[in-house]
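Remarks on the overall topology
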Amino acid sequence: MSAYDRTAWDACLKAVYDSRSQRLVPSRVRELTGKAGKAIAAGYEKVPGHEQAGWVMEKAFDGGMALTFRPALRTVRPESVVRRVSKRHPSVENLSDLRELSLEECDELRRSSLGWAMASAVEGAASSIAVTGAEVSTTVSGGTTIGVAFGAIAADVTATMAVMGRSIGVVASTYGYDVRQPEEELFALGVLSLASANTLGGKAATMAELSKLTQQMMRRTTWEQLKNHVLVNVIDRVYAALGFKITKKKLAQAVPVAGAAINASVNAGLVYQTFRRAETVYRLRFLSGKYGIDPAEWRRDDLAGSDEAEDVVQVDGELEAEIEREQGSESA
């Protein structure tokens, strides 16, 4: 590796495995809204109205992939990227040609995440106002039932995931990856899973999943044998699982009763974190491809159980499970 690339590789791994847990809600706010947070954290199944909330979430994310995340992910048009980049690098005629450039040259093409963070913040404020303004019973905390809260926060998460998808698409295209391809869309969801992980163990687990997924994608003969509907099924399930996870997390943090300003800051933080972690993963992937590095080098399996427990959405695990189901149905 060049000195620049070695420094970048080390910095990316350090950024992923930083042991500092980033909380989306300040400690003072968590204290003030502790009643709602503790009620949810004590056990989702024990919270009154959770059956209604589950139904509301299912409806919120049913079709949400097609209506929000996927279109947002695909708003980055490869031909526009190529046209912009080719002015500086005439050798770039297709998006994949960016991977023939140096990492430093691609880094110079990066754009700020500030616009996406601000857009998500505005949307998040609106959703919180809708929740706190509801005149309903006090099942969870003063003024909001769990069903109403989940409904508004699920809608909020759906919109926020669209902004997160757009930011991932921007980063992916910067390093020569087309998220309109089904396998790249699945990889983007893996990046989204990493962005939603807050603990060191959670980040280690999601990086292990991304590593395995990348290894599969590099074995093109195996990957090309997958039928399109297999990928579609996996993508839909992973999207819904990530939406459920983020929705529960935001409700457990008492965001619905904390007010519009706090929910806006949480959304902005999510988008910013997504953008930064996407940059980290796609830079690692870029360098792995350029230097023939096994993606297993991304992993830190010794850290997977070293932190507080965190449920993570296992993208590669979902893919393997769907392949097994497909093989089972064919043999039946």
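Fair warning: this is a prediction, and the values are worked out from it, not measured in the lab. (Residues numbered from 1 in each chain as written. Predicted model: local features only at pLDDT ≥ 70, side-chain atom pairs only at ≥ 80, totals over all residues. Heavy atoms only, no water.)

Thoughts on the overall build of the chain
Summing up its helical and strand segments, the chain has 16 helices and 0 strands in all. Counting across all 332 residues of the chain, residues that qualify as buried make up 53%. Here the analysis covers contacts within the chain between residues at least 6 apart in sequence; of these, 84% occur between residues at least 24 apart. Accessible area of the chain: about 14,800 Å², with a carbon and sulfur share of 52%. (Helix = DSSP H or I, 4+ residues; strand = E, 2+ residues; numbered from the N terminus. Buried < 20%, exposed > 50% of the residue type's maximum accessible area, 1.4 Å probe, protein only. Contact = heavy atoms within 4.5 Å. Areas by Shrake-Rupley, 256 points an atom, 1.4 Å probe, with all protein chains shown as cover.)

Describing the confidence of the model for the chain
Per-residue pLDDT for the chain averages 74, and the proportion of residues at 70 or more is 62%. Counted against residues more than four places away or in other chains, residues 32-43, with its pLDDT under 50, gives 16 contacts. Segment residues 131-143: pLDDT under 50, and 27 contacts once partners within four positions in sequence are set aside and those in other chains are kept. (pLDDT = per-residue confidence, 0-100.)

Observations regarding the pattern of salt bridges
Note that side chains of opposite charge can pair when their charged atoms are close. Tallied over the full model, the rule gives 11 salt bridges. With its nearest N and O atoms 3.8 Å apart, the salt bridge here joins Arg88 to Glu108. Taken together, the residues span a long stretch of sequence, with Arg88 in the loop between α6 (78-86) and α7 (103-107) and Glu108 in the loop between α7 and α8 (114-132) at a distance of 20 residues. Its relative accessible area of 49% is what places Glu108 among the partly exposed residues. Salt-bridge contacts for Glu209 lead to Lys212; the nearest nitrogen and oxygen are separated by 3.2 Å. Placement of the pair is Glu209 and Lys212 together in helix α11 (residues 200-218), with a separation of 3 residues, close to one helical turn. Owing to a relative accessible area of 9%, Glu209 belongs among the buried residues under this scheme. Taken together, the shared-partner salt bridges in this structure form one network comprising Asp107, Arg110, Arg276, Glu279 and Arg283. (Salt bridge = Lys/Arg side-chain N within 4 Å of Asp/Glu carboxyl O.)

So, the packing of helix α10 (residues 182-195) against α11
At a closest axis distance of 9 Å, the pairing of α10 and α11 adopts a crossing angle of 165°. Here α11 runs roughly antiparallel to α10, going by the angle between their axes. Crossing hand, α10 versus α11: left-handed. Along the contact surface, α10 presents Glu183, Glu184, Leu186, Phe187, Gly190, Val191, Ser193 and Leu194, while α11 presents Lys203, Thr206, Met207, Leu210, Leu213, Thr214 and Met217. Within the contact of α10 with α11, the residues separate by chemical class into 8 nonpolar, 4 polar and 3 charged. (Axes fitted to C-alpha atoms, helices over the stretch in contact; angles between N-to-C directions. Parallel < 35°, antiparallel > 145°, perpendicular 65-115°, else oblique. Left-handed = near helix turned anticlockwise from the far one by under 90°. Nonpolar A, V, L, I, M, F, W, Y, C, P; charged D, E, K, R; others polar.)

Observations regarding the packing of aromatic side chains
Inspection of every chain in the model, using the stated rule, returns 3 aromatic pairs. Pairing Tyr175 with Phe286 gives two aromatic rings, centres 6.0 Å apart and planes at 70°, and the pair type is edge-to-face. You can see Tyr175 sitting in the loop between α9 (146-174) and α10 and its partner Phe286 sitting in helix α15 (residues 260-291), a full 111 residues away along the chain. Taken as a pair, Tyr175 and Phe286 share a single burial class, namely buried. One residue, Arg300, lies across the ring of Tyr17, its end atom 5.6 Å from the ring centre. (Phe/Tyr/Trp six-rings, centres within 6.5 Å; stacked < 30°, edge-to-face > 60°. Lys NZ or Arg CZ within 6 Å of the ring centre and 35° of its normal.)

Things to note about the environment of Phe69
Counting through the fold element by element, Phe69 comes out in helix α5 (residues 64-73). What makes Phe69 buried here is its relative accessible area of 0%.

As for the side chain of Asp5
With respect to the secondary-structure elements, Asp5 resides in helix α1 (residues 3-16). Although buried, Asp5 forms no salt bridge, and the nearest oppositely charged side chain, Lys290, lies 6.7 Å from it. Within the local environment of Asp5, its side chain forms a polar contact with the side chain of Tyr291, the two groups lying 2.6 Å apart. When residues no more than four places from it in sequence are discounted, the contact partners of Asp5 are Leu103, Leu287 and Tyr291. (Lys, Arg positive; Asp, Glu negative; His and termini not counted. Polar contact = N/O pair within 3.5 Å; in protein donor to acceptor, adjacent residues only side chain to side chain.)

A closer look at α11
Spanning 19 residues, α11 covers 27 Å between terminal C-alpha atoms, matching the ideal 27 Å at 1.5 Å per step. α11 sits mainly inside the fold: 16 of its 19 residues count as buried. (Expected span 1.5 Å × (residues − 1).)

Focus on the layout of surface pockets
Looking at the second largest pocket, its volume works out to about 460 Å³. As for the second largest pocket, its lining consists of 21 residues, of which Arg99, Tyr177, Glu184, Met218 and Arg285 are closest to the centre. Put simply, the parts of the chain that give the lining of the second largest pocket at least two residues each are α6, α10, α11 and α15. Among the elements that take part in the lining of the second largest pocket, α15 stands out by supplying 5 residues, more than any other. (1 Å grid on protein atoms, 1.4 Å probe; cavity = no way out; pocket = protein on both sides within 12 Å on 5 of 7 lines; lining within 4 Å. Points joined across faces, edges and corners; volume = space filled by probe spheres on them.)

Some points on the side chain of Glu279
Relative to the elements of secondary structure, Glu279 occurs in helix α15. Here the side chain of Glu279 touches Arg276 through a polar contact of 2.8 Å, side chain to side chain. The residues touching Glu279, leaving out its near neighbours within four places in the chain, are Arg110 and Val171.

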